[in-house]
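Here is how the chains run, residue by residue.
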Amino acid sequence: MKHYQIESQEILPERWSPLASRPEREQGIRQLLVDNYSAFYVVGDSKVTILRMLYSASDIAARL
């Protein structure tokens, strides 16, 4: 089921807004929460690229 959440981004990838912090927002990086993890991705012309999967309890800002 959780794997499906990531795959569903192909159907409606822009349903999540870009991150609020400036460098990530300018790059169009979006965040999807999956259980205790955050998937960071960008939407391209014909594909969604997952950049990172991070444990949500970690210092995400420092790791991006």
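Refer to the structure printed above.
Reading the values: rules and limits
Sequence order as written defines the numbering, with residues in each chain counted from 1. Thresholds applied to this predicted model are a pLDDT of at least 70 for local features of residues and 80 or more for the giving and counting of side-chain atom pairs; totals over whole chains, interfaces and linings are not thresholded and use all residues. Each side-chain value is derived from all of the structure's non-hydrogen atoms; neither hydrogens nor water enter the calculation. Residues belong to a common nonpolar core when they are buried Ala, Val, Leu, Ile, Met, Phe, Trp, Tyr or Cys residues joined through side-chain atoms within 4.5 Å. Relative accessibility decides the category of a residue: with a 1.4 Å probe and only protein chains considered, values under 20% of the type maximum give buried, values over 50% give exposed, and everything between is partly exposed. Pairs of residues are marked as contacts when any of their non-hydrogen atoms sit within 4.5 Å. Only DSSP runs of H or I with at least four residues qualify as helices, and only runs of E with at least two residues qualify as strands; both kinds are numbered from the N terminus onward. Two strands make a pair as long as DSSP finds a minimum of two bridges between them. Salt bridge criterion: a side-chain nitrogen from Lys or Arg within 4 Å of a carboxyl oxygen from Asp or Glu. Working definition: rings of Phe, Tyr and Trp (its six-membered ring) pair if their centres are within 6.5 Å, and the pair is stacked with planes under 30 degrees apart, edge-to-face with planes over 60 apart, and tilted otherwise.

A. The arrangement of the nonpolar core in detail. In terms of nonpolar packing, the biggest core is built from six residues, these being Leu19, Ile29, Phe40, Val42, Leu54 and Ile60. With sequence-adjacent residues up to four places away left out, isoleucine 60 is seen in contact with Gln31, Ser38, Phe40, Leu54 and Tyr55.

B. How the structure looks around the pairing of strand 2 (residues 37-43). Summarising burial for strand 2: five of the seven residues are buried, a large majority. Strand direction decides the pairing type here: strand 1 (residues 30-34) and strand 2, joined by five bridges, are antiparallel. Paired with arginine 30 across the bridge in strand 2 is tyrosine 41. Between strand 1 and strand 2, which follow one another and run antiparallel, lie two residues, and aspartate 35 among them has a positive phi close to 55°. Sheet topology places strand 2 next to strand 3 (residues 48-55); seven bridges connect them, and they run antiparallel. Across the sheet, the residue bridging to valine 42 is threonine 49, located in strand 3. With antiparallel pairing between neighbouring strands as the criterion, strand 2 and strand 3 make up a hairpin whose turn holds four residues.

C. Quick look at the pattern of salt bridges. Under the counting rule described, the total for this entry stands at one salt bridge. A salt bridge links arginine 22 to glutamate 26; its shortest N-O distance comes to 2.8 Å. Of this pair, arginine 22 and glutamate 26 both sit in helix 2 (residues 22-27), separated by four residues, roughly a single helical turn.

D. Looking closely at the packing of aromatic side chains. Inspection of every chain in the model, using the stated rule, returns one aromatic pair. For the pair tyrosine 37 and tyrosine 55, a centre-to-centre distance of 5.5 Å together with 70° between the ring planes defines the contact as edge-to-face. One end of the pair, tyrosine 37, is in strand 2; the other, tyrosine 55, is in strand 3, and 18 residues separate them in sequence. You can call tyrosine 55 partly exposed: its relative accessible area is 40%.

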